[in-house]
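Results of the structural survey
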Amino acid sequence: MQWTLAGVAALMLAWLLAPAAVPIYDGPGFADEPYRYVHPPAGAKATPPPTTAKRTLTVNAQGFSAAGYSNSAEQGPQIVLYVPSGALQAPVGAKSIDVSETPVAPSAPLPSDGTIVGNVYRVAATSTGPVQVVGKDAAHQPTLQMRAPSAQQPGPVFEHRVGNRWQQYPTIRVGQDIYQATAPVFGDWALVKVSSKSSSSGGVNAGLLAGGIAVLVIAGLIIAIRLVRSRRQA
Amino acid sequence: MSAPAPTAGIRPAVPVVPLLAAFAAAVAVRVALAGVAGASSPPAAIVFAAVLAALAALCGARLTVSRRAAAVGVVTAVVIVVPAVAHAGVAMTLPVRAFPAWAVLTVFVAGAEEAFLRGALFDAVQRRWNVHAAVVVAAVAFAALHVPLYGWHVLPLDLAVGLVLGAARLAAGTWTAPAIAHISADLAGWWLL
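Residues numbered from 1 in each chain as written. Chains lettered and ligands numbered in written order. Predicted model: local features only at pLDDT ≥ 70, side-chain atom pairs only at ≥ 80, totals over all residues. Heavy atoms only, no water.

1. Overview of the overall build of chain B
Counting secondary structure elements, chain B contains seven helices and zero strands. Starting at the N terminus, the α and β elements of chain B follow one another as α-α-α-α-α-α-α. In chain B, which comprises 193 residues, the share counted as buried stands at 56%. Within chain B, residue pairs in contact and separated by at least 24 positions form 78% of the contacts whose partners lie at least 6 positions apart. Carbon together with sulfur atoms contributes 73% to the accessible area of chain B, which is approximately 7800 Å² in total. (Helix = DSSP H or I, 4+ residues; strand = E, 2+ residues; numbered from the N terminus. Buried < 20%, exposed > 50% of the residue type's maximum accessible area, 1.4 Å probe, protein only. Contact = heavy atoms within 4.5 Å. Areas by Shrake-Rupley, 256 points an atom, 1.4 Å probe, with all protein chains shown as cover.)

In structure tokens:
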């Protein structure tokens with residue numbers, strides 16, 4: 001019973017402290033469809049156009065938004081916006097807030113510190129009047145997740161267009177090719193591969209594979225020998 | 001004086017350190033085979049699960065099906081899934097036609113993980129030290145295997161889930177119960193994406 005209570009308590013605490021959209025437990029991942037570009041680069045697979053994510057969030061009497069997700073429709077959504085409860089505020093009297101993430105092609109001015117990978121997504125929130133992000137900290141502000149076209153490392157970082165420049169935001173990797181950042185403002189967001197970082201090839205890691213197999217064989221032999229000896233002594 | 005007759009049902013002790021080393025090596029093999037595909041690589045997941053299943057079989061982990069194990073497993077699955085639903089809601093963005101094949105793979109991988117973690121490893125650690133150490137070691141190993149695939153930020157949540165699954169193992173007396181819970185939670189995850 002004590003471990004049951006401890007486990008449940010730990011689970012509740014972990015969910016309270018978890019980043020907005022931690023991968024749900026585990027299970028072999030589902031392969032994503034090829035990345036959909038607004039303007040595909042040379043050599044990219046032919047795909048349908050990328051989709052716009054839209055969601056209508058209800059608001060309470062004071063105009064504060066309910067929680068909700070706004071996901072694009074690709075298999076393996078290319079963008080996910082999570083709005084915690086109370087993160088947005090619409091004018092008093094508004095009944096709802098419409099959030100959207102629209103894919104657009106990268107256009108000048110481009111980031112000076114790297115290259116945009118994938119699409120730029122224009123994140124917007126509309127209502128009967130201006131909508132504000134009122135959450136004071138990361139746990140109460142909207143969160144963006146974007147899928148990069150590949151899982152090559154080092155991965156890209158989130159950047160937000162501010163006037164004629166782009167500003168980096170702290171980015172965490174939440175999946176093989178999925179990245180997440182707190183988004184306290186609306187506007188244009190993109191994943192940027194920062195320059196001067198070499199990238200991994202992405203194929204089978206032969207050295208790690210050989211080492212793993214060697215350790216596996218040795219450990220397996222040790223276990224088998226010890227079991228045989230134990231049975232003989234029994 | 002002749003040696004005492006072997007006691008029926010007593011399995012020989014499995015060495016813990018080589019077992020943990022073999023587990024770490026299995027994770028390394030999965031990561032190495034998967035490359036950039038990571039958790040989305042079915043071949044790497046199948047190899048990983050096959051290795052864990054073989055290790056569990058070598059150590060004598062037996063599949064025990066009982067009403068108690070099923071009941072504990074189902075209740076544990078509810079405990080695990082409810083906060084996830086409360087957190088994420090139900091989205092169902094993945095294609096239904098792909099679910100059966102994915103589900104078969106998930107049952108194999110999650111089942112093999114439990115046969116090893118809450119079966120062979122749990123038994124080995126419990127025999128070497130005590131049941132509390134077994135719950136903790138299995139939970140830490142469960143959490144650690146997710147880090148190369150998803151990143152360090154999943155450690156707290158997966159550690160907590162590992163403790164809950166360990167409690168299910170204790171309550172049911174067999175790894176079948178946490179296997180039912182683990183598989184159910186993973187399958188439910190499809191509908192939360």
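2. Observations regarding the nonpolar core
In globular proteins that are soluble, nonpolar side chains generally tend to be buried together. If you look at the biggest cluster of nonpolar residues, it comprises 58 residues, and the most contacted ones within it are B:Leu19, B:Phe23, B:Phe116 and B:Leu117. The dominant element in this core, judged by the number of residues it contributes, is helix 4 (residues 99-128) of chain B, at 11 residues. Dropping the residues within four chain positions of it, B:Leu117 is found in contact with B:Phe23, B:Phe122, B:Ala138, B:Ala141, B:Phe142 and B:Leu145. A:Tyr35, A:Val59, A:Val123 and A:Tyr169 belong to the second largest nonpolar core, which has 29 residues in total. (Core = buried A, V, L, I, M, F, W, Y, C linked by side-chain atoms within 4.5 Å.)

3. Here's the deal with the packing of helix 2 (residues 42-58) of chain B against helix 4 of chain B
Residue and element names in this part refer to chain B. At a closest axis distance of 8 Å, the pairing of helix 2 and helix 4 adopts a crossing angle of 35°. For the pair helix 2 and helix 4, the crossing hand works out as left-handed. Contacts between helix 2 and helix 4 pair Pro-42, Ala-45, Ile-46, Phe-48, Ala-49, Ala-50, Leu-52, Ala-53, Leu-55 and Ala-56 from the former with Leu-105, Phe-108, Val-109, Ala-112, Glu-113, Ala-115, Phe-116 and Ala-120 from the latter. Its residues placed into classes, the contact of helix 2 with helix 4 shows 17 nonpolar, no polar and one charged. (Axes fitted to C-alpha atoms, helices over the stretch in contact; angles between N-to-C directions. Left-handed = near helix turned anticlockwise from the far one by under 90°. Nonpolar A, V, L, I, M, F, W, Y, C, P; charged D, E, K, R; others polar.)

4. Looking at the environment of A:Gly76
Of note, A:Gly76 is situated in the loop between strand 2 (68-71) and strand 3 (79-83). On the basis of relative accessibility, which here comes to 10%, the residue A:Gly76 falls in the buried class.

5. A look at the packing of aromatic side chains
Across all of its chains, the model carries five aromatic pairs over all chains by this definition. Centroid distance A:Tyr35 to A:Tyr37: 4.8 Å. Interplanar angle 65°. Geometry classified as edge-to-face. We note that A:Tyr35, like A:Tyr37, is buried. Judged by centre distance (4.7 Å) and plane angle (40°), the ring pair of A:Tyr69 and A:Tyr82 falls under tilted. One end of the pair, A:Tyr69, is in strand 2; the other, A:Tyr82, is in strand 3, and 13 residues separate them in sequence. A:Tyr82 shares its class with A:Tyr69; the two are buried. Directly above the aromatic system of B:Phe142 lies the positively charged group of B:Arg118, at a separation of 5.0 Å from the ring centroid. (Phe/Tyr/Trp six-rings, centres within 6.5 Å; stacked < 30°, edge-to-face > 60°. Lys NZ or Arg CZ within 6 Å of the ring centre and 35° of its normal.)

6. What to know about the sheet that holds strand 6 (residues 114-126) of chain A
For sheets, the rule is that strands pair by backbone hydrogen bonds, running either parallel or antiparallel. Residues and elements named next belong to chain A. Strand order in the open sheet formed by six strands is 1-5-6-13-9-10, and the pairing between neighbours is antiparallel. Pairing within the sheet leaves two strands with one partner each, and these edge strands are strand 1 (53-58) and strand 10 (165-169). When strand polarity is set aside, the average angle formed by the axes of neighbouring strands in this sheet is 25°. Across four bridges, the pairing between strand 9 (residues 157-162) and strand 13 (residues 187-194) is antiparallel. Note on strand 13: the bridge partner recorded for Val-157 is Val-192. (Pairing = 2+ DSSP bridges.)

7. Some thoughts on unusual backbone geometry
Phi is mostly negative for residues that are not glycine, and the peptide bonds are mostly trans. A cis amide bond links A:Ala108 with the next residue in sequence, A:Pro109, at an omega value of 0°. With respect to the helices, strands and loops of the structure, A:Pro109 is situated in the loop between strand 5 (96-104) and strand 6.

8. Describing the side chain of A:Glu74
Residues and elements named next belong to chain A. The residue Glu-74 is located in the loop between strand 2 and strand 3 in this model. An unpaired buried charge is present at Glu-74: no salt bridge exists, and Arg-36, the closest side chain of opposite charge, is 4.7 Å distant. A polar contact of 3.2 Å, which involves the side chain of Glu-74, links it to the backbone nitrogen of Gln-78. Residue contacts for Glu-74: discarding those within four places in its chain leaves Glu-33, Arg-36, Pro-50, Thr-51 and Arg-147. (Lys, Arg positive; Asp, Glu negative; His and termini not counted. Salt bridge = Lys/Arg side-chain N within 4 Å of Asp/Glu carboxyl O. Polar contact = N/O pair within 3.5 Å; in protein donor to acceptor, adjacent residues only side chain to side chain.)

9. Examining the packing of helix 1 (residues 16-34) of chain B against helix 4 of chain B
Residue and element names in this part refer to chain B. The geometry of helix 1 relative to helix 4 is characterised by a closest axis approach of 10 Å and an angle of 155° between their N-to-C directions. Comparing the axis directions of helix 1 and helix 4 gives the class roughly antiparallel. In this structure, the crossing between helix 1 and helix 4 has a hand that is left-handed. Where helix 1 abuts helix 4, its residues Val-16, Leu-19, Leu-20, Phe-23 and Arg-30 lie against Glu-113, Phe-116, Leu-117, Ala-120, Leu-121, Ala-124, Val-125 and Arg-128. (Parallel < 35°, antiparallel > 145°, perpendicular 65-115°, else oblique.)

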